[in-house]
Structure formats: C-alpha cells, structure tokens
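Listed below are the residues making up each chain.
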Amino acid sequence: MLSRLSGLSRPRTLALSAVPIVALLVVVGVAPLPYAVAQPGLTANVLADYQGTPVISIKGAPTRETTGQLRMTTILATGPSAEVDFGDVLDGWIRTDRAVLPRDSVYPAGQSDKEIQKHNTDEMVKSQNSAVDAALALLGRKRDSVDVTLHLADVGGPSAGLLFALGIVDMLDGDGSGGDLTGGRDIAGTGTISATGEVGAVGGVSLKTQAAGRDGATVFLVPEAECADARSELPDGMRLIPVRTLKGAVSSLKALEQGGKVPNC
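Just so you know, these numbers come straight off a predicted model, no measurement behind them.

Our focus in this paragraph is the pairing of strand β7 (residues 147–150). Because side chains alternate across β7, one face comprises the buried residues Val-148 and Leu-150, and the other comprises Asp-147 and Thr-149, none of which is buried. In the sheet, strand β4 (residues 56–59) pairs with β7 via four bridges, with the strands oriented antiparallel. Looking at the pairing, Ile-58 lines up with Val-148 of β7.

This brings us to the environment of Gly-157. Position of Gly-157 relative to the elements: it lies in the loop between β7 and α6 (161–172). With 45 residues separating them along the chain, Gly-157 and Val-202 place their C-alpha atoms 9.5 Å apart. Excluding residues within four positions of it along the chain, Gly-157 makes contact with Asn-120, Glu-123, Met-124 and Ser-127.

Helix-helix packing is described using two parameters, namely the angle between the two axes and the distance between the axes. Where helix α5 (residues 113–139) contacts helix α9 (residues 246–258), the two axes come as close as 10 Å, and the packing angle between them is 65°. Crossing of α5 against α9: the hand is right-handed. In this structure, α5 uses Ala-134, Ala-135 and Leu-138 to contact α9, whose residues at the interface are Leu-246, Lys-247 and Val-250. Across the contact of α5 with α9, the residue classes tally to five nonpolar, no polar and one charged.

Our next topic: the side chain of Ser-130. Along the chain, Ser-130 turns up in helix α5. The contacts of Ser-130, once residues within four sequence positions are left out, are Ile-193, Ser-194 and Ala-195.

A separate point is the sheet that holds strand β1 (residues 35–45). Strand order in the open sheet formed by six strands is β6-β1-β5-β8-β11-β12, and the pairing between neighbours is mixed. Unpaired on one side and paired on the other, β6 (99–102) and β12 (239–243) mark the two borders of the sheet. Direction aside, the axes of adjacent strands within the sheet are offset by 35° on average. For strand β5 (residues 69–77) and strand β8 (residues 186–189), the ladder comprises four bridges, and the chain directions are parallel. Residue Gln-69 lies in a different strand from β8, and its bridge partner there is Asp-186. Sheet strands in contact with α6 are β5, β8, β11 (219–223) and β12, and its direction is about 165° off that of β5.

For residues other than glycine, phi is negative in most cases, and the peptide bonds are mostly trans. Its identity is not glycine, yet Gln-51 carries a phi of approximately 55°, on the positive side. As for its placement among the helices and strands, Gln-51 is situated in the loop between β2 (49–50) and β3 (53–54).

This part covers the packing of α6 against α9. Following both chains from N to C, one finds α6 and α9 inclined at 60°, their axes separated by 11 Å at the closest point. Judged on the interaxial angle alone, α9 and α6 are oblique. At the point where α6 passes α9, the crossing takes the right-handed sense. Contact residues: α6 offers Leu-162, Ala-165, Leu-166 and Val-169, while α9 offers Leu-246, Ala-249, Val-250 and Leu-253.

Once that is clear, we can look at the pattern of salt bridges. Per the counting criterion, the structure on display carries eleven salt bridges. Notably, a salt bridge pairs Asp-186 with Arg-71, separated by 3.9 Å at the nearest N-O pair. Taken together, the residues Asp-186 in strand β8 and Arg-71 in strand β5 connect sequence positions 115 residues apart. Judged by relative accessible area, which is 15%, Arg-71 ranks as buried. Among the salt bridges present, the one from Asp-97 reaches Arg-95, with a minimum N-O distance of 3.0 Å. On the basis of relative accessibility, which here comes to 24%, the residue Asp-97 falls in the partly exposed class.

Conventions and cut-offs
- Residues numbered from 1 in each chain as written.
- Predicted model: local features only at pLDDT ≥ 70, side-chain atom pairs only at ≥ 80, totals over all residues.
- Heavy atoms only, no water.
- Buried < 20%, exposed > 50% of the residue type's maximum accessible area, 1.4 Å probe, protein only.
- Helix = DSSP H or I, 4+ residues; strand = E, 2+ residues; numbered from the N terminus.
- Pairing = 2+ DSSP bridges.
- Contact = heavy atoms within 4.5 Å.
- Axes fitted to C-alpha atoms, helices over the stretch in contact; angles between N-to-C directions.
- Left-handed = near helix turned anticlockwise from the far one by under 90°.
- Nonpolar A, V, L, I, M, F, W, Y, C, P; charged D, E, K, R; others polar.
- Parallel < 35°, antiparallel > 145°, perpendicular 65-115°, else oblique.
- Salt bridge = Lys/Arg side-chain N within 4 Å of Asp/Glu carboxyl O.

What follows is the structure in structure tokens.
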C-alpha cells in the first residue's frame, strides 16, 4: 500500500489515509468497549434507618442516642452486561462527575450478572462481619455477648466496612466521654475494614466525595493511600481525613470534636 500511495500528491494521500481512520472511528463509536462508566451513587447514614430498617441493630448491650451522621458512600456504575460505546467513554472522560474504569476492575471477569451479584453480596456480608469484629475488639467487648446486625439493602461490595465499624463504636461508646463520636457533624467516608481494624483502599473515591458533598457531609474519611484521588474533585469546604486503621479513625474524630490535632491529606 505504501508504494501505491507514494506516487500521489500530498492532499490526495492525506485524503485516502483518512478513510480507514474515519471508518475505524465509526466502528469504535458503535461497538461496545470493555469499560464501565461510574458516577456518584447513594449515601446512607449508618446511624439511622434505611428503607424503614435500622442500618445497625444491637442487642445484648445498652446503646446510645446519637446525633450527627456517619454516611457510607457508593458509586453507581453501568452494569456488567451494559454496552458502553465510544460516546459513553468520551463523555465519561470529559465530565468531572463521571469516571471511566476498566470493566474488569469493577466486575469479576468471566462471570454472569447473577454470579457477579452474588459475589458483591458475599463481599458485603464479609465486610459486615469484619466491621463487627473490629468494632467490638476496639471496645474490648466479646462478640458472643453483643449481637450486632447490619442491614443495608441494594448495596454490594466491601467499601462500607469502615463506616459500619464507626457506627457500632458510636452507638455503643460514642467518644468514650459521654459525647458523640461525630461531634454532631455530618461525616462521610469509605474504606474496607479487616477483622483486626486495618482500613483498605476502595477506588472511585473522587466520585464518593462528590456524593457526600451533595448529601451534606462536611468531613470525609478516606483510606490514606487514596488521598490524591480524593483531593482531585473535592467539594468546596469539605475536610479530608486520611485513615489507616479503625483506631486511628476513632482518634481522629475525637480530636476533631475536641479541637485537637487532626491529620490531613
């Protein structure tokens, strides 16, 4: 092909060269691509009811009346079977309230919608169990004498673990001195939690800060490794607090309430 083009004038050559490029763009524009497009999702106060049911229910120990909010945050992504075309991807790249993610980073590869839904539900259950273990261990309480039930419909995955654990701590112990762990503030955040209290990264943090700001939060707890992502689209007036452990998150919230030194991203 190069030899045939070599005898043509430059304008003609450029015109002919553009034909396959245009054709390729047309194909790409209508062909599904291996991406998911995400946007800010719902938030829910774990200290309150969600869809008519308390998010956290505790039996076997007295609980506190709490003020303020602890909001878990989510992203809303196109489904695993949704067809995402070039226009969707381009729109996601341009808009600050959208993110384009490799589909395999959002959903396990090679699984059906039903299998993925089960996987996400299983991850949420594991996260809830770890949150209970971490919170009770921090407070020095035994799980066999305190019965904690967590309920949050229509949300899958492990990213609410940190907020579940903080909610349990606030309902059982508050700030440890008779006050609220939140200090009456609307606090949001995200992060996985292990049974021993380590906080892990989750992805989509810049979208979650936007969801939190939309719903009134002024403070956002973020896994320390994701500070840069959280800062990228941070709503005006929102304070970021990096966390690595449940104990550290509790200490930071107490310091915020008491006017002490609070870590920043």
